[in-house]
Amino acid sequence: MRAFHHYATASAFVHMRTFPASRGALRHFVTAMVVVLVSSTAACSDDALGPDFDPEVEAFVDMANAHRRSVGCEDLAWNAEVAAVAQAHSVDMVQRDFFAHDNPDGESPFDRLTNAGISYSRAAENIAWGYGTAAAVLDGWLNSSGHRANLENCSLTQAGLGLLETRWTHLFMNP
């Protein structure tokens, strides 16, 4: 089974919010073992993700940024906090056996970013299920107009990727 979704809002695949300078308190965050740990935000390049990265995650980041360069966009900068939110959503989808942008508690990708204390002006999310490799999921997303729009949106400058089994969460944002 292969499935994928992009999160569509009235603003066509991205969500925009303005937040005060203070991030506020963290209400709650899905507790999950985060497979991918990175200590700082870094541009995605060779070994920028660290030595403990899933090879499929690293391959996806490289291929996605190569595609973005081919359409005139800058590379997405890896954001470890965003990656933790994406990873937690992939884990949650596996553990609670669902596949959706909104979790069973009704939290959207934007709620999860906010609950993690992450401020953003624009955000978007792609999710997929059933793709076993980075190349396969990227191909699937590039052959879907909404997913492709997120990948090729040059105003989205940072991202993180979550993967557990074959549940992928690609979360994009602009501070």
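Described below are features of the structure shown in this document. (Residues numbered from 1 in each chain as written. Predicted model: local features only at pLDDT ≥ 70, side-chain atom pairs only at ≥ 80, totals over all residues. Heavy atoms only, no water.)

### Re the environment of G160
Move 1: When you line up the elements, G160 lands in strand β6 (residues 158-164).
Move 2: Owing to a relative accessible area of 0%, G160 belongs among the buried residues under this scheme.
Move 3: A C-alpha to C-alpha distance of 6.1 Å links G160 and H170, two positions 10 residues apart in sequence.
Move 4: If near-sequence neighbours (up to four positions away) are discounted, G160 is found in contact with W78, N79, V82, A83, A86, T169, H170 and L171. (Helix = DSSP H or I, 4+ residues; strand = E, 2+ residues; numbered from the N terminus. Buried < 20%, exposed > 50% of the residue type's maximum accessible area, 1.4 Å probe, protein only. Contact = heavy atoms within 4.5 Å.)

### With respect to the pairing of strand β5 (residues 122-129)
Move 1: With six of its eight residues buried, β5 lies for the most part within the structure.
Move 2: Where β5 meets strand β7 (residues 167-174), eight bridges bridge the pair, whose relative direction is antiparallel. Directly across from N126, in β7, lies its bridge partner H170. (Pairing = 2+ DSSP bridges.)

### Digging into the state of the cysteines
Move 1: Enumeration over the complete set of coordinates arrives at one disulfide.
Move 2: The partner cysteine of C73 in its disulfide is C154, sulfur to sulfur 1.9 Å. Looking along the S-S bond of the C73-C154 disulfide, the torsion reads about -80°, which is the left-handed sense. With a gap of 81 residues between them, C73 in the loop between α1 (55-70) and β4 (77-78) and C154 in the loop between α5 (145-151) and β6 connect regions that are remote in the sequence.
Move 3: On the basis of relative accessible area, C73 is assigned to the buried category, the value being 4%. (Disulfide = S-S within 2.5 Å.)

### A word on helix α2 (residues 80-95)
Given 3.6 residues per helical turn, the α-helix brings residues three or four places apart onto the same face.
Move 1: Relative to the 22 Å expected for 16 residues at 1.5 Å per residue, α2 spans 22 Å between its end C-alpha atoms, a close match to the ideal helical length.
Move 2: For α2, the tally of buried residues reaches 14 of 16 residues, placing the bulk of the element in the interior.
Move 3: With a side-chain oxygen lying 2.9 Å from the backbone nitrogen of E81, the N-terminal cap of α2 falls on N79.
Move 4: Following α2 by one or two positions, D97 has its phi on the positive side, about 50°. (Expected span 1.5 Å × (residues − 1). Polar contact = N/O pair within 3.5 Å; in protein donor to acceptor, adjacent residues only side chain to side chain.)

### What to know about the packing of α1 against helix α4 (residues 134-142)
Move 1: Across the interface, α1 lies against α4 with an axial gap of 8 Å and an inter-helix angle of 40°. Accordingly, the angle class assigned to the pair α1 and α4 is oblique. Along this stretch, α1 crosses α4, giving a crossing that reads as right-handed. Contact residues: α1 offers E56, A59, F60, M63, A64 and H67, while α4 offers A134, A135, V137, L138, W141 and L142.
Move 2: The residue makeup of the contact of α1 with α4, split by class, is 10 nonpolar, one polar and one charged. (Axes fitted to C-alpha atoms, helices over the stretch in contact; angles between N-to-C directions. Parallel < 35°, antiparallel > 145°, perpendicular 65-115°, else oblique. Left-handed = near helix turned anticlockwise from the far one by under 90°. Nonpolar A, V, L, I, M, F, W, Y, C, P; charged D, E, K, R; others polar.)

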